[in-house]
Amino acid sequence: MVMRVAVPVLPCRDVQATRSYFTDVLGFDTIFTWETPPSYAAVIRDTAEFHLYAESSGPARVTVVVDDVDSCHDELSARGADIVEPLADRPYGMRDFNVRTPDGHLLIFSQPLTEYG
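Residues numbered from 1 in each chain as written. Predicted model: local features only at pLDDT ≥ 70, side-chain atom pairs only at ≥ 80, totals over all residues. Heavy atoms only, no water.

**Student:** Hey, could you run me through the pattern of salt bridges in this one?
**Tutor:** Tallied over the full model, the rule gives 8 salt bridges. Taking the shortest distance from any N to any O, the salt bridge between D103 and R13 comes out at 3.8 Å. Pair noted here: D103 is in the loop between β7 (94-100) and β8 (106-112) and R13 is in the loop between β1 (9-12) and α1 (15-25), with a separation of 90 residues, a long-range link. Overall, the relative accessible area of 11% leaves D103 in the buried class. On the accessibility criterion, R13 (59% relative accessible area) is exposed. Here D89 and R95 are joined by a salt bridge, their closest N and O atoms 2.8 Å apart. Since its relative accessible area comes to 47%, D89 is described here as partly exposed. (Salt bridge = Lys/Arg side-chain N within 4 Å of Asp/Glu carboxyl O. Helix = DSSP H or I, 4+ residues; strand = E, 2+ residues; numbered from the N terminus. Buried < 20%, exposed > 50% of the residue type's maximum accessible area, 1.4 Å probe, protein only.)

Here it is in structure tokens:
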């Protein structure tokens, strides 16, 4: 058995507003929504997928590994993302920045400073 991907499921106070943030600000596409108004939704960009569900519990942290973190930062900044930790090289071997979603979740967009291996 090979586990290839983990899909974070994020609790949200307002699934529609969070879905809109992911699509309008972060550049994701909607895979599906469930119920009207939605109580569950899924969004995707390239191979990064998030599921959103209606519940107002605490925030999550999710790392999204990208192949060009500088251009990712520039794009999301231009789209109005709430960048709460600036783009920088980190002592743990990553170059990354943090974005806060409307529900307080932290998305850590990250690129290794050197190739894995």
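Anyway, onward from the coordinates.
**Student:** Please explain the packing of aromatic side chains as it appears in this structure.
**Tutor:** The relative placement of two aromatic rings is captured by the distance of their centres and the angle of their planes. All told, the structure shown has 5 aromatic pairs when counted by the stated rule. Plain terms: the ring middles of F22 and F50 are 5.2 Å apart, the flat faces sit at 50 degrees to each other, and that makes the pair tilted. In this pair, F22 is assigned in helix α1 and F50 in strand β4 (residues 48-54), connecting sequence segments 28 residues apart. Taking the relative accessible area as the measure of exposure, F22 reaches 0% and is therefore buried. On the basis of relative accessibility, which here comes to 2%, the residue F50 falls in the buried class. Consider the rings of F97 and F109, whose centres lie 5.4 Å apart with planes at 20 degrees: the pair is stacked. Remark: F109 occurs in strand β8 and F97 occurs in strand β7; sequence separation between them is 12 residues. Classification of F97 by relative accessible area gives buried; the value is 0%. We classify F109 as buried; its relative accessible area is 4%. Through a chain of ring-to-ring contacts, the aromatic side chains of F22, F28 and F50 assemble into a single cluster. (Phe/Tyr/Trp six-rings, centres within 6.5 Å; stacked < 30°, edge-to-face > 60°.)

**Student:** I'm lost on the side chain of H51 in this one. Help?
**Tutor:** Relative to the assigned elements, H51 resides in strand β4. Setting aside chain neighbours within four positions, we find H51 in contact with V7, P8, V9, L10, F32, Y40, A41 and A42. (Contact = heavy atoms within 4.5 Å.)

**Student:** Mind showing me how you'd approach the sheet that holds β7 here?
**Tutor:** The pairing of strands in a sheet happens through backbone hydrogen bonds and is either parallel or antiparallel. Strand order across the open sheet formed by 4 strands is β5-β8-β7-β6, with mixed pairing between neighbours. Each of the sheet's edge strands pairs with one partner strand only, and the pair in question is β5 (61-65) and β6 (83-89). If you compare each strand with its neighbour and ignore which way they point, the axes differ by 20 degrees on average. Against the sheet, helix α2 (residues 69-78) touches β6, β7 and β8, its axis set at about 20 degrees to β7. (Pairing = 2+ DSSP bridges. Axes fitted to C-alpha atoms, helices over the stretch in contact; angles between N-to-C directions.)

**Student:** Got a minute to help me understand unusual backbone geometry in this structure?
**Tutor:** What you tend to see is this: most non-glycine residues have negative phi, and most peptide bonds are trans. Residue P37 follows T36 across a cis peptide bond; omega there is -10 degrees. The backbone of D46 shows a phi angle near 55 degrees, a positive value even though the residue is not glycine. Relative to the assigned elements, D46 resides in the loop between β3 (40-45) and β4. Overall, D46 belongs to the exposed group, its relative accessible area being 69%.

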